[in-house]
Amino acid sequence: MDKEVVDSVTMKRALTRITYEIIEQSKGTDDLVLVGIKTRGIYLARRIAERMKQLEGLTVPVGELDITLYRDDLHEPGKEEPTLNGSDIPVSIEDQHVILIDDVLFTGRTVRAAMDALMNIGRPKKISLAVLVDRGHRELPIRADFVGKNIPTSLHEQIKVAVEEIDQRDSIFIQKLDQPKTI
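- For the protein, an unreviewed UniProt entry supplies the name Bifunctional protein PyrR.
- Turning to the protein, the UniProt annotation filed under Subunit (unreviewed entry) states: "Homodimer and homohexamer; in equilibrium."
- What the UniProt record of the protein gives under Sequence similarities (unreviewed entry) is the line "Belongs to the purine/pyrimidine phosphoribosyltransferase family. PyrR subfamily."

With respect to the UniProt feature "short sequence motif: PRPP-binding" (unreviewed entry) in the protein
Argument step 1. The UniProt record marks residues 98-110 with the feature "short sequence motif: PRPP-binding" (unreviewed entry), using the residue numbering of this structure.
Argument step 2. A helix fraction of 15% and a strand fraction of 62% characterise residues 98-110, whose end C-alpha atoms lie 16 Å from each other.

Structural notes on the side chain of aspartate 134
Argument step 1. Positionally, aspartate 134 belongs in strand 5 (residues 126-134).
Argument step 2. A residue is classified by how much of its surface remains accessible, and aspartate 134, at 12% relative accessible area, is buried.
Argument step 3. Only 2.8 Å separates the side chain of aspartate 134 from the side chain of arginine 138, close enough to count as a polar contact.
Argument step 4. With near-sequence residues (within four places) excluded, aspartate 134 lies in contact with Leu105, Val147, Lys149, Asn150 and Ile151.

Some remarks on the sheet that holds strand 6 (residues 146-150)
Argument step 1. On the basis of which strands lie adjacent, the open sheet formed by five strands has the order 3-2-4-5-6 and parallel pairing. Pairing within the sheet leaves two strands with one partner each, and these edge strands are strand 3 (62-65) and strand 6. Neighbour-to-neighbour, the strand axes of the sheet open up by a mean angle of 25°, direction not taken into account.
Argument step 2. Note: strand 4 (residues 97-105) against strand 5, eight bridges, orientation parallel. Across the sheet, the residue bridging to leucine 105 is aspartate 134, located in strand 5.
Argument step 3. Each of strand 2 (32-37), strand 4, strand 5 and strand 6 is contacted by helix 1 (residues 8-26), which is oriented at about 155° to strand 6, the strand it contacts most.

Re the sheet that holds strand 8 (residues 171-176)
Argument step 1. Sheet architecture is open: three strands sit in the order 1-8-7, paired in antiparallel fashion. Looking at the sheet topology across the chains shown, the edges are occupied by strand 1 (2-6) and strand 7 (157-162). Averaged over neighbouring strand pairs, the angle between their axes works out to 30° when direction is ignored.
Argument step 2. Sheet topology places strand 1 next to strand 8; four bridges connect them, and they run antiparallel.

Structural notes on the pairing of strand 8
Argument step 1. Bridge count for strand 7 against strand 8 is six bridges, and the pairing is antiparallel. Paired with glutamate 157 across the bridge in strand 8 is lysine 176.

Regarding the nonpolar core
Across soluble globular proteins, nonpolar side chains have a tendency to be buried as a group.
Argument step 1. If you look at the biggest cluster of nonpolar residues, it comprises 28 residues, and the most contacted ones within it are Leu34, Leu132, Val161 and Ile172.
Argument step 2. Looking at which element gives the most residues to this core, the answer is helix 1, with six residues.
Argument step 3. Counting 19 residues, the second-largest nonpolar core is a separate cluster that includes Val35, Ile37, Leu65 and Leu100.

Re the layout of surface pockets
To find the voids left in a structure, one rolls a probe of water-molecule size over its atoms.
Argument step 1. Computed from the structure, the second largest pocket encloses a volume of approximately 180 Å³.
Argument step 2. Considering the residues around the second largest pocket, the lining is formed by Ser8, Met11, Lys12, Leu15, Thr16, Thr19, Arg47, Ile48, Glu50, Arg51, Gln54 and Asp170.
Argument step 3. Elements represented by at least two residues in the lining of the second largest pocket include exactly helix 1 and helix 2 (40-56).
Argument step 4. Counting residues per element, the lining of the second largest pocket draws most heavily on helix 1, at six residues.
Argument step 5. Of the residues belonging to the lining of the second largest pocket, the class tally is three nonpolar, four polar and five charged.

Rules used throughout
Residues numbered from 1 in each chain as written. Predicted model: local features only at pLDDT ≥ 70, side-chain atom pairs only at ≥ 80, totals over all residues. Heavy atoms only, no water. UniProt positions renumbered as here; feature names shortened; annotations may be inferred. Helix = DSSP H or I, 4+ residues; strand = E, 2+ residues; numbered from the N terminus. Buried < 20%, exposed > 50% of the residue type's maximum accessible area, 1.4 Å probe, protein only. Polar contact = N/O pair within 3.5 Å; in protein donor to acceptor, adjacent residues only side chain to side chain. Contact = heavy atoms within 4.5 Å. Pairing = 2+ DSSP bridges. Axes fitted to C-alpha atoms, helices over the stretch in contact; angles between N-to-C directions. Core = buried A, V, L, I, M, F, W, Y, C linked by side-chain atoms within 4.5 Å. 1 Å grid on protein atoms, 1.4 Å probe; cavity = no way out; pocket = protein on both sides within 12 Å on 5 of 7 lines; lining within 4 Å. Points joined across faces, edges and corners; volume = space filled by probe spheres on them. Nonpolar A, V, L, I, M, F, W, Y, C, P; charged D, E, K, R; others polar.

The following block contains the structure:
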């Protein structure tokens, strides 16, 4: 059974807080590029960019990053071949401050794959990480620079983020699992 832990209003507040923190810590946005990790990270990146425009009149480019080929679980027995959706970053990331945006930070493996994918596209001056939810259980030494919500979980739970653009609602759920899940 899924238990809602964050509703749409609280989710919007968390994204607004992340937006303010990015603006404050970036000291200008001339070299800023937001890159959402497919799938839900893209929608969060677009929302943050829109909020920056509303709050400060800033227009920040937003890109989409597909990390499928960079995942370290691609060749596990029994896994089907991955589907590539392609990356789309409309500006050069050379010498830019790239903020990777994802919905949930768990083991850190997705972020590691995203950094590898970015480095194949170009060499950013700096990479920061913004996540809506940090649920703990890191397997790699990765931490987010901007966090909307810290939601501690057990390995027998999973965080599900619903976004209006895909799921017709905004919310965050905790789902109980029979078996622990990684990645």
